[in-house]
Amino acid sequence: MQIKRSIITLLTAAVVVLAGSWITPAAAAGAQEQVRGHRQAFAGRACVFNAPAAADGFGHAGWAVTDAAGHWYSGATEVKDNEHKPDVSWRRGPEDVMAMLQHFRTKRPATPYTRFRCRDVANPDPGNAVNKFSELAKQDYNLVTNNCLTRSMTTIKAYSDDAVTGLPGPGVGDGPNGYFEARLWQAGWENIVPL
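Residues numbered from 1 in each chain as written. Predicted model: local features only at pLDDT ≥ 70, side-chain atom pairs only at ≥ 80, totals over all residues. Heavy atoms only, no water.

Draft legend 1. Spotlight on the overall build of the protein. Helices and strands together make up the secondary structure of the protein, namely seven helices and eight strands. For the protein, contacts bridging at least 24 residues in sequence account for 63% of all contacts bridging at least 6. Looking at the protein as shown, the accessible area adds up to about 9600 Å², and 56% of this sits on carbon and sulfur atoms. (Helix = DSSP H or I, 4+ residues; strand = E, 2+ residues; numbered from the N terminus. Contact = heavy atoms within 4.5 Å. Areas by Shrake-Rupley, 256 points an atom, 1.4 Å probe, with all protein chains shown as cover.)

Take a look at the structure:
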């Protein structure tokens, strides 16, 4: 047991470089475990990522879901800062959890994603989520009705109705930050985790 503690202490003290960012192995493992959650008890996992400084402090949202093999699919509709016009919708996956997290860490240098929260879900359908997001990305962007938050939450709903239980439709009086902070919390999503 003493050897195990020493190894853990050494690993915690070590520093690794991930895409130019310095993070400790313990921090990387902690974020990885938060995203993985309690998979043995549930069939899937959905996460919402938040860039709180984006859109003049109104916020920005992205999404990620997992399949039965533990691979992740993620995406977002990005906008050019201060223009509120869509730049590009992107989708990634399947990929491992560390690649997915690193992509969110580095995707928006000016107004980065800095946090996320997740929820275990029943009856997930990652293919349905990916198809729904692809469909939404082809539609015209609308700041109120078809934006980063509405697309993220519609994609997560397509993944599993269980993920949106207790949530009002996005855009009901909330921007991405308000929805991420208050609405997800009220609906039983897990605590906010720093990215």
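What follows continues from the structure just given.
Draft legend 2. Local environment of the side chain of Thr66. Structurally, Thr66 can be placed in strand β4 (residues 61-66). Among the residues examined, Thr66 registers a relative accessible area of 0% and is labelled buried. Among the polar contacts listed, one links the side chain of Thr66 to the backbone oxygen of His71, at a separation of 3.1 Å. (Buried < 20%, exposed > 50% of the residue type's maximum accessible area, 1.4 Å probe, protein only. Polar contact = N/O pair within 3.5 Å; in protein donor to acceptor, adjacent residues only side chain to side chain.)

Draft legend 3. The pattern of salt bridges, seen in detail. Counted under the stated rule, the structure contains seven salt bridges. Put simply, Asp161 and Lys157 hold a salt bridge, and the shortest N to O gap is 2.9 Å. Given a relative accessible area of 44%, Lys157 falls into the partly exposed group. (Salt bridge = Lys/Arg side-chain N within 4 Å of Asp/Glu carboxyl O.)

Draft legend 4. Representation of the nonpolar core in the model. Among the nonpolar cores identified, the biggest contains 22 residues, and Met153, Ile156 and Trp189 are the most heavily contacted of them. Looking at this core, the element that brings in the most residues is helix α6 (residues 148-159), giving four residues. Excluding anything up to four places from it in sequence, Met153 contacts Val48, Val164, Leu167, Pro170, Tyr179, Leu184 and Trp189. In terms of nonpolar packing, the next biggest core, distinct from the first, is built from 17 residues, Val97, Phe104, Cys118 and Leu195 among them. (Core = buried A, V, L, I, M, F, W, Y, C linked by side-chain atoms within 4.5 Å.)

Draft legend 5. Region of the structure containing helix α7 (residues 176-186). For α7, the complete set of buried residues consists of Pro176, Asn177, Tyr179, Phe180 and Leu184. Looking at the buried side of α7, the elements it contacts are β3 (44-50), α3 (54-57), β4, β7 (115-121) and α6.

Draft legend 6. Main features of the environment of Ala158. Relative to the helices and strands, Ala158 is located in helix α6. The exposure class assigned to Ala158 is buried, which follows from its relative accessible area of 15%. Expressed as a C-alpha distance, the spacing of Ala158 and Asn131, which sit 27 residues apart in the sequence, is 8.8 Å. With near-sequence residues (within four places) excluded, Ala158 lies in contact with Asp125, Asn128, Ala129 and Lys132.

Draft legend 7. Examining the packing of α6 against α7 more closely. At a closest axis distance of 9 Å, the pairing of α6 and α7 adopts a crossing angle of 40 degrees. The pairing of α6 with α7 is recorded here as oblique in orientation. Judged by the sense of rotation from one axis to the other, the crossing of α6 with α7 is right-handed. Only Pro176, Tyr179 and Leu184 of α7 make contact with α6, whose side of the interface consists of Cys148, Leu149 and Met153. Each residue belonging to the contact of α6 with α7 can be placed in one class, and the counts come to six nonpolar, no polar and no charged. (Axes fitted to C-alpha atoms, helices over the stretch in contact; angles between N-to-C directions. Parallel < 35°, antiparallel > 145°, perpendicular 65-115°, else oblique. Left-handed = near helix turned anticlockwise from the far one by under 90°. Nonpolar A, V, L, I, M, F, W, Y, C, P; charged D, E, K, R; others polar.)

Draft legend 8. Quick look at the environment of Val97. As for its position among the elements, Val97 is in helix α4 (residues 97-106). Overall, the relative accessible area of 4% leaves Val97 in the buried class. Considered as a pair, Val97 and Trp72 are 25 residues apart in the sequence and their alpha carbons are 6.3 Å apart.

Draft legend 9. Inspection of the pairing of β4 at higher detail. With six of its six residues buried, β4 lies for the most part within the structure. Here β4 shows a buried face lined by Ala61, Trp63 and Val65 and a second buried face lined by Gly62, Ala64 and Thr66. The pairing of β3 with β4 spans five bridges and is classified as antiparallel. Residue Phe49 lies in a different strand from β4, and its bridge partner there is Gly62. (Pairing = 2+ DSSP bridges.)

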